[in-house]
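# Architecture at a glance
So you can see what is in the structure, the chains are spelled out below.
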Amino acid sequence: MIVLGIETSCDETAVALVENGLKIHAHSVYTQIAAHRPYGGVVPEIACRSHVEILPGLIRDTVADSGLAWDRIDAVAVTYGPGLASSLLVGVAAGKALALRLEKPLIAVNHLRAHIYSLFMGREDLSPKQVYPLLILLVSGGHTCLVRADSLNECHLLGQTLDDAAGEALDKGASVLGLGYPGGPAIEKAAWDGDPGFVRFPRGLRHGAQSSLAGSLERDLCFSFSGLKTSLRYYVHDHPDVVAGENLKNVAASYQAAVIDALVERLERALARHDVKAVACVGGVARNQVLRDKLTELAEARKLPLLAAMPEFCTDNAAMVAGLAGAPGYPAAAAGMDLDVEPNLAL
Ligand code: KG4
Ligand code: ZN
């Protein structure tokens, strides 16, 4: 089954053609970073307009790149949430139009489930059968959660952030340090030969912090990054010279270490409580090499394979959308033409 996937949940416009969940015939990502950079973050109105401008041509070019005729496409898959409402709308409208025109089913895909599936992209050697049950750290700009997956379709949320996502914490931290947008790669670069022990930033939930988002989740598997961001602000307020000074790399490395330690610590706790066959890391922040190195150490200590999504498939892309929709065993029920976006869709 060949699926054409569309992803427009945030600031990447992406299209892919994937066969049977694994074989990528073509995938293209148009990143809007340059358009948002002057504002220091994603501006929803600009993102949505850019999707409208880019998506039709990107669909045409990606199908041409694949070398496949249009009539080889068996289904159209589109991300319908979670994400920015106006951005999601563009992809969903395009998906509907294409499915109608091709007279093929439309498959609605959850962006978070697609991120989880991204660990299989570009890994035709990996069989989903070998990896479950699996513990996943999903770290992106909009989400940070710990998920236990017992199969492709059975995902259980174990923990999540109660305020900012890890990527958001890095983006905001980079902005405070004057490092530009997007913050994750900017902090990683600035921190490269910095001393992560230079400042000891907080790593946990504030004692007694309450949030309805924790719900029935185990609180010590939940994350909180807003206190960390505030302590960086105080630090920079007290040490204004740091922003342009020689210690910038040390402060960046210390901040990055605080974010990463908080992630690794929760994952370690979850591993102690859940008997799994492998540990995985997906989402934009999973591109970070310091995080990948720490996770490698953790997985080796536990004698578990680490399945980190390939860097190319960590950040938003449509291969993971088309891949999940066409994966053997995925219940790809056709969505109706009344499919609506769900900006707050849960896992
Ligand atoms: O998964 P993604 O493309 O979008 C969402 O679904 O949110 O993730 C984007 C996030 C941004 O916050 C960005 O700063 C972060 O991923 N990111 C990184 C790196 N590359 C991207 N964070 C840390 N290190 C990186 N190398
Ligand atoms: Zn994403």
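Keep in mind it's a predicted model, so treat the numbers as computed, not measured.

### Some points on the overall build of the protein
If you tally the helices and strands in the protein, you get twelve helices and ten strands. By the compact-globule yardstick of 20 Å for 347 residues, the protein fits well, its C-alpha radius of gyration being 20 Å. Overall, the protein is about 60 × 45 × 35 Å in size when its C-alpha atoms are taken along their principal axes. For the protein, the residues scored as buried account for 53% of the 347 residues in total. Taking contacts inside the protein between residues at least 6 apart in sequence as the whole, the part at least 24 apart equals 75%. Carbon and sulfur atoms make up 52% of the accessible area of the protein, which totals about 14,700 Å². Between the averaged position of the 30 positive side-chain charges in the protein and that of its 39 negative side-chain charges there is a distance of 3 Å.

### Thoughts on empty space enclosed by the protein
Following the criterion strictly, the structure yields two cavities of 30 Å³ or more and no others. Space inside the largest cavity adds up to approximately 70 Å³. Surrounding the largest cavity, Arg113, Ile116, Tyr117, Leu119, Phe120, Tyr132, Leu134, Ala149, Ser151, Leu152, Cys155 and Leu324 form its lining. Here the lining of the largest cavity takes three residues from helix 4 (residues 111-117), the largest share from any one element.

### Let's talk about the coordination of the zinc ion (ligand 2)
At this site the zinc ion (ligand 2) is bound by His111 (NE2), His115 (NE2) and Asp316 (OD), with donor distances of 2.0 to 2.1 Å. For the zinc ion (ligand 2), the four donor atoms in the first shell make angles of 94 to 132° at the metal, so the coordination geometry reads as tetrahedral. Positions of the donor residues of the zinc ion (ligand 2) along the chain correspond to the pattern H-x3-H-x200-D. Placement of the pair is His111 and His115 together in helix 4, with a separation of four residues, close to one helical turn. In this pair, the class of His111 matches that of His115, namely buried.

### Considering the domain arrangement of the protein
For the protein, the assigned domains are domain 1 (2-118 + 314-335) and domain 2 (128-309). One C-alpha centre belongs to domain 1, the other to domain 2; they are set 27 Å apart. With 22 residues of domain 1 at the interface, the matching set in domain 2 holds 18 residues. Approximately 1,600 Å² of surface area, both sides summed, lies buried where domain 1 meets domain 2, with 70% of it carried by carbon and sulfur atoms. On the domain 1 side of the interface with domain 2, the three residues burying the most area are Arg113, Ile116 and Cys314, jointly 37% of the side's total. Linking domain 1 with domain 2 are six residue pairs in polar contact (both at pLDDT 80 or more), by the criterion used here. Within the residue set of the side of domain 1 that touches domain 2, elements represented by two or more residues are helix 1 (33-36) and helix 4. Top contributing element to the side of domain 1 that touches domain 2 by residue count: helix 4, with five residues. Partitioning the side of domain 1 that touches domain 2 into residue classes produces twelve nonpolar, seven polar and three charged.

### Let's talk about the sheet that holds strand 3 (residues 23-31)
An order of 3-2-1-4-5 is seen for the five strands of this open sheet, with the pairing classed as mixed. Looking along the sheet, the strands with just one partner apiece sit at the ends: strand 3 and strand 5 (106-110). Geometrically, the sheet is characterised by an average inter-axis angle of 20° between neighbouring strands, direction not taken into account. Here four bridges tie strand 1 (residues 2-7) to strand 4 (residues 75-81), and the two strands are oriented parallel to one another. In the strand pairing of strand 4, Ile6 is matched with Val78.

### Details of the nonpolar core
Ranked by size, the top nonpolar core spans 91 residues in total, and within it Leu134, Phe201, Phe225, Tyr255, Val259, Leu263 and Leu291 carry the most contacts. Of all the elements, helix 9 (residues 248-273) adds the most residues to this core, at 14 residues. Taken domain by domain, this core gets at least three of its residues from each of domain 1 (2-118 + 314-335) and domain 2 (128-309). Among all residues touching Val259, those that are not within four sequence positions of it are Ala166, Ala169, Leu170, Phe225 and Leu228.

### Quick look at the pattern of salt bridges
This structure, assessed with the given rule, holds 13 salt bridges. Between Arg148 and Asp150 there is a salt bridge whose closest N-O contact spans 2.9 Å. Through salt bridges with shared partners, a single ionic network connects Asp164, Glu168, Lys172 and Lys229.

Rules used throughout
- Residues numbered from 1 in each chain as written.
- Chains lettered and ligands numbered in written order.
- Predicted model: local features only at pLDDT ≥ 70, side-chain atom pairs only at ≥ 80, totals over all residues.
- Heavy atoms only, no water.
- Helix = DSSP H or I, 4+ residues; strand = E, 2+ residues; numbered from the N terminus.
- Rg over C-alpha atoms; globule rule 2.2 N^0.38 Å.
- Buried < 20%, exposed > 50% of the residue type's maximum accessible area, 1.4 Å probe, protein only.
- Contact = heavy atoms within 4.5 Å.
- Areas by Shrake-Rupley, 256 points an atom, 1.4 Å probe, with all protein chains shown as cover.
- Lys, Arg positive; Asp, Glu negative; His and termini not counted.
- Charge placed at Lys NZ, Arg CZ, Asp CG, Glu CD.
- 1 Å grid on protein atoms, 1.4 Å probe; cavity = no way out; pocket = protein on both sides within 12 Å on 5 of 7 lines; lining within 4 Å.
- Points joined across faces, edges and corners; volume = space filled by probe spheres on them.
- Donors = N, O, S within 2.8 Å, 3.2 Å for Na, K, Ca; no water.
- Tetrahedral: all angles 85-135°; square planar, octahedral: opposite > 155°, others 65-115°.
- Domains from an automatic or database assignment.
- Buried area = accessible area lost by both parts, 1.4 Å probe.
- Polar contact = N/O pair within 3.5 Å; in protein donor to acceptor, adjacent residues only side chain to side chain.
- Nonpolar A, V, L, I, M, F, W, Y, C, P; charged D, E, K, R; others polar.
- Pairing = 2+ DSSP bridges.
- Axes fitted to C-alpha atoms, helices over the stretch in contact; angles between N-to-C directions.
- Core = buried A, V, L, I, M, F, W, Y, C linked by side-chain atoms within 4.5 Å.
- Salt bridge = Lys/Arg side-chain N within 4 Å of Asp/Glu carboxyl O.

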